[in-house]
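Each chain, letter by letter, is given below.
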Amino acid sequence: MLPIFVIAKITLQEGIRKKAVLGGVLLAAAFVTLYGLGMYFVMRDLNVPERFVNPDVFRDAVSGQLLAAALNVAGMLTALVAIFTSAGAIATEVEQNTLHAIIPKPLMRWQVLVGKCCGLGAMSAAFAIATTVALLTLTWLFAGFFSWSGLQSALLLGLLGILLSCVTVCASTLLSTLTAGVTVIMLYGLAMVGGMVEQLGVLLDNQVMQNIGIIASLLLPSDALWRMAAQRLNVQELAILAGGPFEGFSQPSLFMLAWALLYITFAVLLGVRVFARKDL
Amino acid sequence: MPELAVTTQQLRKVYGTTPAVASLDLAVPTGEIFGFLGPNGAGKSTCVKMLLGLVFPTGGSGTLLGAPLGDHRIKARIGFLPEQFRFHEWFTAREFLDFHGQLYGMSGKQRKRHIADVLALVNLERAAAQQLRTFSKGMLQRIGIAQAVLHDPELIFLDEPTSALDPIGRRLVRDIIRQLKAEKKTVFLNSHLLSEVEAVCDRVAIIQRGEVVRDGTLDELLASRRLLDVQAQGMSESTLERVKARWELAAHEGNRLTLALTDPDDVPHVVSMLVAAGAAVHHVELRHESLEDLFVRTVDDTGA
Ligand SMILES: Nc1ncnc2c1ncn2[C@@H]1O[C@H](COP(=O)(O)OP(=O)(O)OP(=O)(O)O)[C@@H](O)[C@H]1O
Ligand SMILES: [Mg+2]
């Protein structure tokens, strides 16, 4: 069996036992349940305003808005799970000398690092996809609205999980567990605020604000990925509720998707490079 | 198979500005049990970590099984018990060994057979299904040894394998090491338990501040000096002076003397000199220097 696979497997097994994952899963389960309940009651008690000739348009718009808001939360939960599980990937093992028994074995250091990225990335992606699919399913059950392209949203959120896992593993080769986690959370927050500034920039037609958002997304394309995911829900065309939070949605370009993929590659390569010369 | 299983040439490691290993020259012949000794902080573990690719040398070079340090092709032929041995403690003993077997690239069949063998070897068969978190310190050290020899390696590094073991465990490790020697394996042993080292090693090197201060086969090192323990009453200062003038006084306490003799035939001369000076000799015993004597002498000689 390939060493990468062995390491990925053990990383996954270990991750599943972590409190961060258990906490994330419980939180996600509670959130998804709440969302289902909310959707059910909203749909039951919704009064369609008279100006809507076709009430279904209004219903879809409302459920779409709720779904988009829920996806935002799913994105944040994914980020927390990805960052908390990956922050110690290398740092904790160095602190605890776990690697002393692993590195002398017939495998390469890069295989250890890539294996960890694979295991943690797979776990975060699975978490993101499961949460998103649960949200889509509940929307369909209670609002009769199923967004097929929402499956693409699930994949994009999965990619967000992979991105944050790999970036955090990379940070973990350079920094202590705590510092690595805090650093990536700060980057994530920065990208999120940048994304908001960019949205406002579009609304206000302010180029400087839009550029700030783009630079923040270049620093870490997490918010760009989330916005692409939200956009794939196909709710923006239904966003006819005046003043809805997602009005004037600017769509990240495919360039950002490519950038996210490149970013993951860079993070893994940098991690490999730092880890290759690290004294354990 | 190369004649020397491990060599180092001016191997050096500096952390910041303080050298952990100053300049180490070692040569460990294949098939021998090598004792690597030195006071705390001498650089033993750092040296082993450099040999195994955990720490990168600041300077110098070395070989393992004939291949330069960092060569990945020989890793499958090496076993290692780290000094500070931690692992995923939610594993059971068997799962743990299975994981390490996979890392060694062993097939499922091989793993099954070897795991049963090593569990028996370290006497942990009954704890095979127990989680490592429930293991005692000594049990962990045993499972660490099992992990180091799981794949039938040619060269085994053991960094203080018996520090947590009970007397029976120590004897077990001694037997394992002897068995490895019978199988023509090379063992590189870091230990502070000099009586154990003396019992199993063919060759030792004593290092201090990252440099070899004494090395050779145990026979060479311990045979060159004989110690004579003497117990006698009524030794005057002048008698002592005369004894000291002729032989090296290794220790003196009350009416007990230890003399270092280069020639064992000197024993009657010592006795007759003491008797002639009017001392009452109660006890005389000629013995080899122990490794502990040599260690204390060597390390003291060069300053701690
Ligand atoms: N990561 C590190 N950073 C800085 N100094 C270190 C590091 N590791 C070891 N040292 C220093 O290097 C020296 C040698 O340490 P090492 O662990 O090799 O000693 P040792 O001979 O194995 O000692 P012991 O018998 O106590 O196990 C010590 O002075 C130690 O403080
Ligand atoms: Mg040590």
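First things first, this report covers the structure right here in the doc. (Residues numbered from 1 in each chain as written. Chains lettered and ligands numbered in written order. Predicted model: local features only at pLDDT ≥ 70, side-chain atom pairs only at ≥ 80, totals over all residues.)

All right, on to the overall build of chain B then. Within chain B, the secondary structure is distributed over 10 helices and 14 strands. Evaluated residue by residue, chain B yields a buried proportion of 40% over its 304 residues. (Helix = DSSP H or I, 4+ residues; strand = E, 2+ residues; numbered from the N terminus. Buried ≥ 20, exposed ≤ 12 C-beta atoms within 10 Å, placed from the backbone.)

Once that is clear, we can look at the overall build of chain A. A count of helical and extended segments in chain A gives 10 helices and zero strands. Going from the N terminus to the C terminus, chain A shows its helices and strands as α-α-α-α-α-α-α-α-α-α. Taking 19 Å as the expected radius of gyration for a compact globule of 280 residues, we find that chain A reaches 20 Å, a close match to that expectation. The dimensions of chain A, computed from C-alpha atoms along their principal axes, are 75 × 40 × 30 Å. For chain A, buried positions account for 49% of its 280 residues. (Rg over C-alpha atoms; globule rule 2.2 N^0.38 Å.)

The next subject is the site of ligand 1. Residue and element names in this part refer to chain B. Taken together, Tyr 15, Ala 20, Gly 38, Asn 40, Gly 41, Ala 42, Gly 43, Lys 44, Ser 45, Thr 46 and Glu 83 make up all the residues around ligand 1. Sort the elements by how many residues they give to the shell around ligand 1 and helix α1 (residues 44–51) lands first, with three residues. Looking at the shell around ligand 1, its residues break down into three nonpolar, six polar and two charged. (Near = placed C-beta within 6 Å. Nonpolar A, V, L, I, M, F, W, Y, C, P; charged D, E, K, R; others polar.)

Residues and elements named next belong to chain B. Strand order in the open sheet formed by four strands is β12-β13-β11-β14, with antiparallel pairing between adjacent strands. Among the strands making up the open sheet, the edge pair consists of β12 (248–253) and β14 (280–288). Each adjacent strand pair in this sheet contributes to an overall mean axis angle of 20°, direction not counted. Here β12 pairs with strand β13 (residues 256–261) via five bridges, running antiparallel. Pairing of Glu 253 across the sheet is with Arg 256, part of β13. In the packing of helix α9 (residues 267–276) onto the sheet, the strands contacted are β11 (226–233), β13 and β14, and the crossing angle to β14 comes to about 160°. (Pairing = 2+ DSSP bridges. Axes fitted to C-alpha atoms, helices over the stretch in contact; angles between N-to-C directions. Contact = placed C-beta atoms within 7 Å.)

Bringing the interface of chain A and chain B into the picture now. With 21 residues of chain A in contact, the opposing surface of chain B contributes 23 residues. Considered class by class, the residues forming the side of chain A that touches chain B number 12 nonpolar, four polar and five charged.

Residue and element names in this part refer to chain B. Summarising burial for strand β9 (residues 203–208): five of the six residues are buried, a large majority. Where strand β3 (residues 33–37) meets β9, four bridges bridge the pair, whose relative direction is parallel. For Phe 36, the partnering residue across the bridge sits in β9 and is Ala 205. Pairing between β9 and strand β10 (residues 211–217): six bridges, direction antiparallel. By the bridge assignment, Gln 208 is partnered in β10 with Glu 211. What sits between β9 and β10 in their antiparallel hairpin is a turn of two residues, with Arg 209 showing a positive phi close to 45°.

Another point: the packing of helix α2 (residues 93–103) of chain B against helix α3 (residues 108–121) of chain B. All names here are of chain B. At a minimum axis distance of 10 Å, the contact between α2 and α3 shows a crossing angle of 125°. In terms of their interaxial angle, α2 and α3 are classed as oblique. Here α2 and α3 pass one another in a crossing that is right-handed. For the pair α2 and α3, the contacting residues are Ala 93, Arg 94, Leu 97, Asp 98 and Gly 101 in the first and Arg 111, His 114, Ile 115, Val 118 and Leu 119 in the second. (Parallel < 35°, antiparallel > 145°, perpendicular 65-115°, else oblique. Left-handed = near helix turned anticlockwise from the far one by under 90°.)

Let's shift gears to the nonpolar core. Within the largest apolar cluster, 156 residues are counted, with the highest numbers of intra-cluster contacts made by Leu 135, Leu 163, Cys 166 and Leu 225 of chain A together with Ala 146 of chain B. In contact with Cys 166 of chain A, other than residues within four places in its own chain, are Cys 117, Gly 121, Ile 264, Ala 267 and Val 268 of chain A. Residues Val 230, Ala 232, Met 235 and Leu 274 of chain B belong to the second largest nonpolar core, which totals nine residues. (Core = buried A, V, L, I, M, F, W, Y, C linked by C-beta atoms within 7 Å.)

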